[in-house]
Amino acid sequence: MTSELFSPLTLRSGQVLKNRIAKAAMEENMADDGQLPDGRLLSLYRRWAAGGTGLLITGNVMVHAEALTGPAGVVLDEHAPLRPFADWANAAKSGGGAVWMQINHPGRQVLSGMPGVVWGPTDIGVDLGRHSGRFGRPTAMTARQIQETVARYAVTARRAEEAGFDGVEVHAAHGYLLSQFLSPLVNRRTDRWGGSPENRARMLLDVVRAVRAAVSPCFSVAVKLNSADFQRGGFGADDARQVIQMLEPLGVDLVELSGGSYESPAMTGRPADDRTPAREAYFLDLARDLVGSSPLPLMLTGGISRRVTAEQVLDGGVSVLGMGTALAVTPDLPERWRQGREADRRMRPVTWSDKALASAAGMAQVRHQMRRLAAGRATRPGTHPAVALVSELGRQQRALRSYRAWPARPRATQP
(Lines give C-alpha, C1' and ligand atoms only; values in the text may rest on other atoms or scores of the structure.)
Protein backbone atom coordinates (compact mmCIF):
# COMPACT_ATOMS: atom_id res chain seq x y z
CA MET A 1 0.00 0.00 0.00
CA THR A 2 1.65 3.20 -1.21
CA SER A 3 0.98 6.16 1.07
CA GLU A 4 0.24 9.59 -0.36
CA LEU A 5 -0.22 11.12 3.08
CA PHE A 6 2.75 13.44 2.74
CA SER A 7 2.51 14.20 -0.95
CA PRO A 8 1.38 17.70 -2.04
CA LEU A 9 -2.00 18.39 -3.63
CA THR A 10 -2.54 21.18 -6.17
CA LEU A 11 -6.07 22.57 -6.21
CA ARG A 12 -7.82 24.17 -9.17
CA SER A 13 -7.27 27.62 -7.63
CA GLY A 14 -3.53 26.94 -7.90
CA GLN A 15 -3.10 26.62 -4.14
CA VAL A 16 -0.79 23.76 -3.13
CA LEU A 17 -1.46 21.86 0.11
CA LYS A 18 1.84 20.51 1.44
CA ASN A 19 0.26 17.18 2.40
CA ARG A 20 -3.09 15.39 2.43
CA ILE A 21 -3.84 15.84 6.16
CA ALA A 22 -6.30 18.52 7.28
CA LYS A 23 -7.57 19.59 10.64
CA ALA A 24 -11.31 19.58 10.14
CA ALA A 25 -13.47 22.29 11.66
CA MET A 26 -14.43 22.00 15.31
CA GLU A 27 -16.49 24.75 16.95
CA GLU A 28 -14.14 26.24 19.53
CA ASN A 29 -16.62 28.52 21.37
CA MET A 30 -13.76 30.85 22.36
CA ALA A 31 -14.92 34.23 21.04
CA ASP A 32 -13.83 37.30 22.96
CA ASP A 33 -16.01 40.39 23.51
CA GLY A 34 -17.53 41.53 20.23
CA GLN A 35 -17.47 37.92 18.93
CA LEU A 36 -13.82 38.25 17.90
CA PRO A 37 -10.90 35.78 18.06
CA ASP A 38 -8.46 36.46 20.88
CA GLY A 39 -5.22 35.07 22.31
CA ARG A 40 -6.73 31.69 23.15
CA LEU A 41 -7.54 30.93 19.53
CA LEU A 42 -4.12 32.14 18.42
CA SER A 43 -2.41 29.86 20.93
CA LEU A 44 -4.60 26.91 19.94
CA TYR A 45 -3.89 27.30 16.23
CA ARG A 46 -0.15 27.70 16.79
CA ARG A 47 -0.23 24.31 18.53
CA TRP A 48 -1.97 22.75 15.53
CA ALA A 49 0.24 24.59 13.00
CA ALA A 50 3.33 23.10 14.61
CA GLY A 51 1.86 19.60 14.36
CA GLY A 52 2.43 19.02 10.65
CA THR A 53 -0.98 19.35 8.97
CA GLY A 54 -1.13 20.63 5.42
CA LEU A 55 -4.40 22.47 6.05
CA LEU A 56 -6.15 23.93 9.07
CA ILE A 57 -9.87 24.68 8.78
CA THR A 58 -11.22 26.93 11.52
CA GLY A 59 -14.30 26.25 13.56
CA ASN A 60 -17.38 27.82 12.03
CA VAL A 61 -17.29 31.61 11.76
CA MET A 62 -20.74 33.12 11.52
CA VAL A 63 -21.74 35.43 8.69
CA HIS A 64 -24.64 37.06 10.57
CA ALA A 65 -24.06 38.77 13.91
CA GLU A 66 -27.63 38.11 15.03
CA ALA A 67 -27.56 34.39 14.22
CA LEU A 68 -25.14 32.38 16.33
CA THR A 69 -25.27 28.78 17.52
CA GLY A 70 -24.34 29.95 21.01
CA PRO A 71 -22.94 32.94 22.90
CA ALA A 72 -19.22 32.32 22.30
CA GLY A 73 -19.22 32.10 18.50
CA VAL A 74 -16.91 34.13 16.27
CA VAL A 75 -18.49 36.55 13.74
CA LEU A 76 -16.85 38.11 10.71
CA ASP A 77 -19.18 40.60 9.06
CA GLU A 78 -18.81 44.02 7.46
CA HIS A 79 -18.40 45.70 10.87
CA ALA A 80 -15.79 43.43 12.47
CA PRO A 81 -12.21 44.72 12.84
CA LEU A 82 -9.81 42.70 10.69
CA ARG A 83 -6.73 42.81 12.92
CA PRO A 84 -7.84 39.96 15.25
CA PHE A 85 -8.58 37.81 12.19
CA ALA A 86 -5.23 38.65 10.59
CA ASP A 87 -3.50 37.59 13.81
CA TRP A 88 -5.50 34.35 13.75
CA ALA A 89 -4.51 33.64 10.14
CA ASN A 90 -0.85 34.33 10.89
CA ALA A 91 -0.88 32.00 13.89
CA ALA A 92 -2.51 29.23 11.84
CA LYS A 93 0.04 29.58 9.02
CA SER A 94 3.07 29.66 11.34
CA GLY A 95 3.87 26.00 10.59
CA GLY A 96 3.92 26.40 6.81
CA GLY A 97 0.46 25.00 6.10
CA ALA A 98 -2.63 26.66 4.66
CA VAL A 99 -5.59 27.95 6.66
CA TRP A 100 -9.20 28.16 5.52
CA MET A 101 -12.02 29.84 7.40
CA GLN A 102 -15.21 27.81 7.66
CA ILE A 103 -18.12 30.21 7.14
CA ASN A 104 -21.59 29.37 8.34
CA HIS A 105 -25.10 30.39 9.32
CA PRO A 106 -26.82 28.27 11.99
CA GLY A 107 -30.35 28.61 10.64
CA ARG A 108 -32.61 26.85 13.15
CA GLN A 109 -29.75 25.30 15.18
CA VAL A 110 -29.60 28.15 17.69
CA LEU A 111 -29.64 27.55 21.43
CA SER A 112 -32.87 28.58 23.10
CA GLY A 113 -32.55 31.84 25.01
CA MET A 114 -30.17 33.35 22.45
CA PRO A 115 -31.13 36.84 21.29
CA GLY A 116 -31.27 37.54 17.59
CA VAL A 117 -32.96 35.42 14.92
CA VAL A 118 -33.76 31.74 14.49
CA TRP A 119 -34.40 31.11 10.80
CA GLY A 120 -34.97 28.11 8.60
CA PRO A 121 -36.36 27.22 5.20
CA THR A 122 -39.63 26.54 7.05
CA ASP A 123 -40.80 26.79 10.65
CA ILE A 124 -40.01 23.13 11.40
CA GLY A 125 -37.94 23.03 14.60
CA VAL A 126 -35.13 20.71 15.65
CA ASP A 127 -36.66 17.46 16.90
CA LEU A 128 -34.64 15.99 19.76
CA GLY A 129 -37.57 14.49 21.61
CA ARG A 130 -37.39 15.51 25.25
CA HIS A 131 -34.32 17.65 24.47
CA SER A 132 -36.01 19.70 21.75
CA GLY A 133 -36.29 22.70 24.06
CA ARG A 134 -32.52 23.18 23.79
CA PHE A 135 -33.08 24.99 20.48
CA GLY A 136 -35.15 28.01 19.52
CA ARG A 137 -38.25 27.81 17.35
CA PRO A 138 -37.51 28.92 13.77
CA THR A 139 -39.44 31.16 11.44
CA ALA A 140 -39.43 30.56 7.69
CA MET A 141 -37.08 32.86 5.78
CA THR A 142 -38.47 35.36 3.31
CA ALA A 143 -37.01 35.74 -0.19
CA ARG A 144 -35.34 38.96 0.91
CA GLN A 145 -33.77 37.31 3.98
CA ILE A 146 -32.41 34.51 1.79
CA GLN A 147 -30.86 37.01 -0.64
CA GLU A 148 -29.38 39.11 2.18
CA THR A 149 -27.90 35.99 3.75
CA VAL A 150 -26.28 34.97 0.45
CA ALA A 151 -24.68 38.43 0.35
CA ARG A 152 -23.40 38.02 3.92
CA TYR A 153 -21.47 34.88 2.95
CA ALA A 154 -19.74 36.84 0.18
CA VAL A 155 -18.83 39.67 2.57
CA THR A 156 -17.34 37.24 5.08
CA ALA A 157 -15.34 35.44 2.38
CA ARG A 158 -13.96 38.69 0.97
CA ARG A 159 -12.92 39.90 4.41
CA ALA A 160 -11.36 36.52 5.24
CA GLU A 161 -9.12 36.91 2.20
CA GLU A 162 -8.27 40.47 3.24
CA ALA A 163 -7.27 39.15 6.66
CA GLY A 164 -4.81 36.68 5.13
CA PHE A 165 -6.72 33.40 5.08
CA ASP A 166 -5.96 31.11 2.12
CA GLY A 167 -9.54 30.03 1.51
CA VAL A 168 -13.01 29.53 2.92
CA GLU A 169 -15.14 26.46 3.41
CA VAL A 170 -18.89 26.99 3.03
CA HIS A 171 -20.60 24.83 5.68
CA ALA A 172 -23.54 22.98 4.12
CA ALA A 173 -23.55 19.97 6.45
CA HIS A 174 -24.51 18.93 9.99
CA GLY A 175 -27.97 20.47 9.90
CA TYR A 176 -26.95 24.12 9.66
CA LEU A 177 -28.82 26.56 7.41
CA LEU A 178 -27.59 25.46 3.96
CA SER A 179 -27.96 21.82 5.00
CA GLN A 180 -31.51 22.61 6.12
CA PHE A 181 -32.33 23.94 2.66
CA LEU A 182 -30.88 20.77 1.10
CA SER A 183 -32.95 18.47 3.35
CA PRO A 184 -36.37 17.36 2.05
CA LEU A 185 -37.39 16.77 5.67
CA VAL A 186 -36.79 20.36 6.76
CA ASN A 187 -37.29 22.22 3.49
CA ARG A 188 -41.00 22.00 2.70
CA ARG A 189 -41.07 25.22 0.70
CA THR A 190 -43.18 25.44 -2.44
CA ASP A 191 -41.33 28.35 -4.05
CA ARG A 192 -38.06 28.42 -6.05
CA TRP A 193 -36.07 27.31 -2.99
CA GLY A 194 -38.04 24.12 -2.32
CA GLY A 195 -39.23 20.91 -3.91
CA SER A 196 -36.80 19.55 -6.50
CA PRO A 197 -33.14 18.83 -5.70
CA GLU A 198 -32.18 21.77 -7.92
CA ASN A 199 -34.44 24.13 -5.96
CA ARG A 200 -33.28 22.84 -2.59
CA ALA A 201 -29.67 23.35 -3.68
CA ARG A 202 -30.36 26.86 -5.02
CA MET A 203 -29.30 28.75 -1.89
CA LEU A 204 -26.03 26.81 -1.59
CA LEU A 205 -25.24 27.35 -5.27
CA ASP A 206 -26.04 31.06 -4.99
CA VAL A 207 -23.77 31.32 -1.95
CA VAL A 208 -20.89 29.61 -3.78
CA ARG A 209 -21.34 31.85 -6.84
CA ALA A 210 -21.38 34.97 -4.67
CA VAL A 211 -18.34 33.85 -2.68
CA ARG A 212 -16.34 32.92 -5.78
CA ALA A 213 -17.14 36.30 -7.34
CA ALA A 214 -16.07 38.16 -4.18
CA VAL A 215 -12.59 36.63 -3.86
CA SER A 216 -9.55 36.30 -6.11
CA PRO A 217 -9.06 33.27 -8.39
CA CYS A 218 -6.13 32.01 -6.30
CA PHE A 219 -8.24 31.98 -3.12
CA SER A 220 -9.65 28.52 -2.41
CA VAL A 221 -13.37 27.88 -2.04
CA ALA A 222 -14.52 24.58 -0.55
CA VAL A 223 -17.89 23.17 0.53
CA LYS A 224 -18.63 20.88 3.44
CA LEU A 225 -21.46 18.55 2.51
CA ASN A 226 -23.25 15.67 4.18
CA SER A 227 -22.74 12.36 2.43
CA ALA A 228 -26.06 11.56 4.14
CA ASP A 229 -28.23 12.94 6.94
CA PHE A 230 -28.90 9.43 8.32
CA GLN A 231 -32.60 10.19 8.63
CA ARG A 232 -35.31 8.31 6.75
CA GLY A 233 -36.47 10.49 3.88
CA GLY A 234 -33.64 12.97 4.39
CA PHE A 235 -30.68 14.07 2.30
CA GLY A 236 -28.86 10.97 1.03
CA ALA A 237 -25.95 9.81 -1.08
CA ASP A 238 -27.83 10.30 -4.37
CA ASP A 239 -28.60 13.89 -3.33
CA ALA A 240 -24.93 14.43 -2.43
CA ARG A 241 -23.88 13.10 -5.83
CA GLN A 242 -26.20 15.54 -7.61
CA VAL A 243 -25.06 18.51 -5.53
CA ILE A 244 -21.38 17.76 -6.20
CA GLN A 245 -22.13 17.73 -9.92
CA MET A 246 -23.89 21.11 -9.57
CA LEU A 247 -20.90 22.58 -7.70
CA GLU A 248 -18.28 21.57 -10.26
CA PRO A 249 -18.85 24.44 -12.74
CA LEU A 250 -18.77 27.06 -9.98
CA GLY A 251 -15.04 27.05 -9.24
CA VAL A 252 -15.11 24.89 -6.10
CA ASP A 253 -11.71 23.47 -5.13
CA LEU A 254 -12.71 20.69 -2.75
CA VAL A 255 -15.80 19.06 -1.23
CA GLU A 256 -15.50 17.76 2.32
CA LEU A 257 -17.80 14.85 3.10
CA SER A 258 -19.24 14.34 6.55
CA GLY A 259 -22.68 13.36 7.78
CA GLY A 260 -25.46 13.76 10.31
CA SER A 261 -26.97 16.61 12.29
CA TYR A 262 -28.07 17.29 15.86
CA GLU A 263 -31.12 15.13 15.17
CA SER A 264 -29.00 12.23 13.94
CA PRO A 265 -25.46 12.91 15.17
CA ALA A 266 -23.54 10.48 12.96
CA MET A 267 -20.61 12.94 12.85
CA THR A 268 -19.83 12.11 16.49
CA GLY A 269 -19.36 8.40 15.78
CA ARG A 270 -21.15 5.10 15.43
CA PRO A 271 -19.71 2.93 18.23
CA ALA A 272 -22.40 0.27 17.69
CA ASP A 273 -20.82 -0.63 14.33
CA ASP A 274 -18.36 -3.46 14.93
CA ARG A 275 -16.46 -3.02 11.67
CA THR A 276 -13.13 -1.32 12.35
CA PRO A 277 -13.22 0.91 9.23
CA ALA A 278 -16.72 2.11 10.13
CA ARG A 279 -15.66 2.91 13.67
CA GLU A 280 -12.55 4.78 12.52
CA ALA A 281 -13.76 6.41 9.27
CA TYR A 282 -17.49 6.81 9.74
CA PHE A 283 -18.39 7.77 6.18
CA LEU A 284 -15.77 5.82 4.19
CA ASP A 285 -18.24 3.51 2.48
CA LEU A 286 -20.36 6.44 1.32
CA ALA A 287 -17.27 8.37 0.22
CA ARG A 288 -16.03 5.44 -1.87
CA ASP A 289 -19.40 5.36 -3.56
CA LEU A 290 -19.16 9.06 -4.40
CA VAL A 291 -15.49 9.15 -5.45
CA GLY A 292 -16.11 7.35 -8.72
CA SER A 293 -18.59 9.92 -9.98
CA SER A 294 -17.20 13.08 -8.37
CA PRO A 295 -15.69 15.66 -10.74
CA LEU A 296 -14.14 17.40 -7.71
CA PRO A 297 -11.50 16.29 -5.19
CA LEU A 298 -13.07 14.95 -2.01
CA MET A 299 -12.03 15.26 1.63
CA LEU A 300 -13.33 12.74 4.15
CA THR A 301 -13.80 13.58 7.83
CA GLY A 302 -15.08 11.50 10.72
CA GLY A 303 -13.31 9.21 13.19
CA ILE A 304 -9.86 8.88 11.56
CA SER A 305 -7.17 8.50 14.21
CA ARG A 306 -4.63 5.90 12.93
CA ARG A 307 -2.25 6.09 9.98
CA VAL A 308 -3.40 2.76 8.56
CA THR A 309 -6.97 4.06 8.41
CA ALA A 310 -5.80 7.31 6.85
CA GLU A 311 -3.99 5.36 4.14
CA GLN A 312 -7.08 3.25 3.47
CA VAL A 313 -9.05 6.47 2.97
CA LEU A 314 -6.56 7.82 0.44
CA ASP A 315 -6.29 4.45 -1.31
CA GLY A 316 -10.07 4.61 -1.77
CA GLY A 317 -9.68 7.68 -3.99
CA VAL A 318 -10.24 10.42 -1.41
CA SER A 319 -7.81 13.33 -1.91
CA VAL A 320 -7.62 14.77 1.62
CA LEU A 321 -8.37 13.24 5.01
CA GLY A 322 -9.79 15.40 7.76
CA MET A 323 -9.33 14.85 11.47
CA GLY A 324 -11.03 16.61 14.36
CA THR A 325 -11.11 14.78 17.68
CA ALA A 326 -7.80 13.02 17.03
CA LEU A 327 -6.03 16.39 16.67
CA ALA A 328 -7.84 17.84 19.68
CA VAL A 329 -6.22 15.07 21.71
CA THR A 330 -2.87 14.80 19.89
CA PRO A 331 -2.16 18.06 18.03
CA ASP A 332 1.13 16.77 16.58
CA LEU A 333 -0.34 13.54 15.21
CA PRO A 334 0.69 14.20 11.55
CA GLU A 335 4.30 14.72 12.61
CA ARG A 336 4.12 11.52 14.68
CA TRP A 337 2.91 9.64 11.61
CA ARG A 338 5.81 11.04 9.61
CA GLN A 339 8.15 9.63 12.26
CA GLY A 340 6.40 6.24 12.27
CA ARG A 341 4.62 6.79 15.60
CA GLU A 342 0.96 6.80 16.62
CA ALA A 343 -1.08 8.66 19.23
CA ASP A 344 -0.54 7.28 22.71
CA ARG A 345 -3.96 8.42 23.96
CA ARG A 346 -7.50 8.51 22.61
CA MET A 347 -10.69 10.17 23.74
CA ARG A 348 -12.76 8.29 26.26
CA PRO A 349 -15.76 6.91 24.32
CA VAL A 350 -19.32 8.00 25.10
CA THR A 351 -21.59 4.95 25.06
CA TRP A 352 -24.79 6.48 26.44
CA SER A 353 -28.03 5.27 24.89
CA ASP A 354 -29.44 8.81 24.69
CA LYS A 355 -27.93 9.88 21.34
CA ALA A 356 -28.61 13.59 21.76
CA LEU A 357 -27.02 13.65 25.20
CA ALA A 358 -24.12 11.48 24.06
CA SER A 359 -23.46 13.82 21.14
CA ALA A 360 -23.48 16.87 23.43
CA ALA A 361 -21.10 15.11 25.84
CA GLY A 362 -18.76 14.16 23.01
CA MET A 363 -18.58 17.73 21.78
CA ALA A 364 -18.02 18.92 25.37
CA GLN A 365 -15.08 16.51 25.69
CA VAL A 366 -13.50 17.91 22.52
CA ARG A 367 -13.94 21.52 23.65
CA HIS A 368 -12.38 20.62 27.01
CA GLN A 369 -9.26 19.41 25.18
CA MET A 370 -9.14 22.51 22.96
CA ARG A 371 -9.31 24.81 25.97
CA ARG A 372 -6.40 22.95 27.54
CA LEU A 373 -4.37 23.23 24.33
CA ALA A 374 -5.17 26.95 24.11
CA ALA A 375 -3.88 27.39 27.67
CA GLY A 376 -0.61 25.61 26.78
CA ARG A 377 -1.48 22.53 28.82
CA ALA A 378 -1.51 18.82 28.05
CA THR A 379 -4.78 17.26 26.99
CA ARG A 380 -6.83 14.97 29.25
CA PRO A 381 -8.71 12.60 26.95
CA GLY A 382 -9.71 10.42 29.89
CA THR A 383 -12.01 13.11 31.31
CA HIS A 384 -15.39 11.55 32.06
CA PRO A 385 -18.04 12.63 29.52
CA ALA A 386 -20.47 13.60 32.30
CA VAL A 387 -17.88 15.87 33.91
CA ALA A 388 -17.10 17.52 30.57
CA LEU A 389 -20.81 17.99 29.79
CA VAL A 390 -21.70 19.52 33.16
CA SER A 391 -18.73 21.88 32.90
CA GLU A 392 -19.69 22.84 29.34
CA LEU A 393 -23.34 23.51 30.22
CA GLY A 394 -22.30 25.70 33.15
CA ARG A 395 -19.88 27.64 30.97
CA GLN A 396 -22.58 28.01 28.33
CA GLN A 397 -25.12 29.40 30.76
CA ARG A 398 -22.66 31.92 32.21
CA ALA A 399 -21.68 33.06 28.73
CA LEU A 400 -25.33 33.33 27.70
CA ARG A 401 -26.20 35.56 30.66
CA SER A 402 -23.41 37.98 29.82
CA TYR A 403 -24.12 37.83 26.10
CA ARG A 404 -27.86 38.49 25.96
CA ALA A 405 -27.50 42.27 25.80
CA TRP A 406 -24.70 42.20 23.22
CA PRO A 407 -26.66 42.38 19.92
CA ALA A 408 -28.19 45.66 21.11
CA ARG A 409 -24.72 47.22 21.40
CA PRO A 410 -23.40 48.90 18.24
CA ARG A 411 -20.52 47.23 16.42
CA ALA A 412 -18.37 50.00 15.05
CA THR A 413 -16.69 49.44 11.70
CA GLN A 414 -12.91 49.29 12.20
CA PRO A 415 -9.96 48.65 9.88
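Going by the structure above, here's the rest.
Values in this document were obtained by computation on a predicted structure and should not be read as measured data.

How each quantity is defined
Residues numbered from 1 in each chain as written. Predicted model: local features only at pLDDT ≥ 70, side-chain atom pairs only at ≥ 80, totals over all residues. Heavy atoms only, no water. Patch = residues over 30% accessible without salt bridge, like charges linked within 9 Å, V, L, I, M, F, W, Y side chains within 5 Å. Areas by Shrake-Rupley, 256 points an atom, 1.4 Å probe, with all protein chains shown as cover. Salt bridge = Lys/Arg side-chain N within 4 Å of Asp/Glu carboxyl O. Lys, Arg positive; Asp, Glu negative; His and termini not counted. Charge placed at Lys NZ, Arg CZ, Asp CG, Glu CD. Helix = DSSP H or I, 4+ residues; strand = E, 2+ residues; numbered from the N terminus. Buried < 20%, exposed > 50% of the residue type's maximum accessible area, 1.4 Å probe, protein only. Pairing = 2+ DSSP bridges. Expected span 1.5 Å × (residues − 1). Polar contact = N/O pair within 3.5 Å; in protein donor to acceptor, adjacent residues only side chain to side chain. Contact = heavy atoms within 4.5 Å.

Enquirer: Talk me through a positive patch on the surface; I want residue IDs and the actual numbers.
Expert: A cluster of basic residues, Arg-395, Arg-398, Arg-401 and Arg-404, forms a positive patch at the surface. Mapped onto the elements, Arg-395 comes out in helix H14 (residues 385-403). Look at Arg-395 and you get partly exposed, because its relative accessible area is 35%.

Enquirer: Quick rundown of the pairing of strand E12 (residues 298-301)? Include the residues and the values.
Expert: Looking along a regular strand, one sees side chains alternate from face to face of the sheet. Burial along E12 is two-sided: the residues Leu-298 and Leu-300 and Met-299 and Thr-301 are all buried. In terms of strand pairing, strand E11 (residues 254-259) meets E12 through three bridges, oriented parallel. Its bridge partner lying in E12, Leu-257 is registered against Leu-300. Where E12 meets strand E13 (residues 320-323), three bridges bridge the pair, whose relative direction is parallel.

Enquirer: Kindly report on helix H6 (residues 202-214), identifying the contributing residues and their values.
Expert: Each full turn of the α-helix corresponds to 3.6 residues, which orients residues three or four apart in the same direction. End to end, H6 covers 18 Å across 13 residues, agreeing with the expected 18 Å (1.5 Å per residue, within 8%). Along H6, the residues that are buried comprise Met-203, Leu-204, Leu-205, Val-207, Val-208, Val-211 and Arg-212.

Enquirer: Lay out the pattern of salt bridges in plain terms, naming residues and giving numbers.
Expert: In this structure the tally under the stated criterion is 22 salt bridges. In this structure, Glu-4 and Arg-20 form a salt bridge, with 3.8 Å as the shortest nitrogen-oxygen distance. Here Glu-4, found in the segment before strand E1 (9-10), pairs with Arg-20, found in the loop between strand E2 (16-17) and strand E3 (21-23); they are 16 residues apart in sequence, far enough to count as distant. Residue classification places Glu-4 among the partly exposed positions, given a relative accessible area of 38%. Note that Glu-27 is salt-bridged to Arg-367, the shortest N-O span being 3.1 Å. Linking Glu-27 in the loop between E3 and helix H1 (39-49) with Arg-367 in helix H13 (residues 355-374), this pair joins segments that are 340 residues apart in sequence. One continuous salt-bridge network, built from bridges that share partners, spans Glu-27, Arg-367, Arg-371 and Glu-392.

Enquirer: Give a description of the pairing of strand E9 (residues 167-172) that names residues and reports values.
Expert: With six of six residues buried, E9 is to be regarded as a mostly interior element. Because side chains alternate across E9, one face comprises the buried residues Gly-167, Glu-169 and His-171, and the other comprises Val-168, Val-170 and Ala-172, equally buried.

Enquirer: Describe unusual backbone geometry, with residues and values.
Expert: Positive phi is not limited to glycine here, since Asn-29 has a value of about 55°. Looking at the secondary structure, you find Asn-29 in the loop between E3 and H1. Unusually for a residue other than glycine, His-174 sits at a positive phi of about 60°. Note on placement: His-174 falls in the loop between E9 and helix H4 (177-182). A relative accessible area of 11% places His-174 in the buried class.

Enquirer: Break down the side chain of Arg-336 for me, with residues and values.
Expert: Mapping Arg-336 onto the fold places it in helix H12 (residues 333-338). For Arg-336, the side chain forms a polar contact with the main-chain oxygen of Glu-342, separated by 3.3 Å. Setting aside anything within four residues of it in sequence, one finds Arg-336 in contact with Thr-330, Arg-341, Glu-342, Ala-343 and Asp-344.

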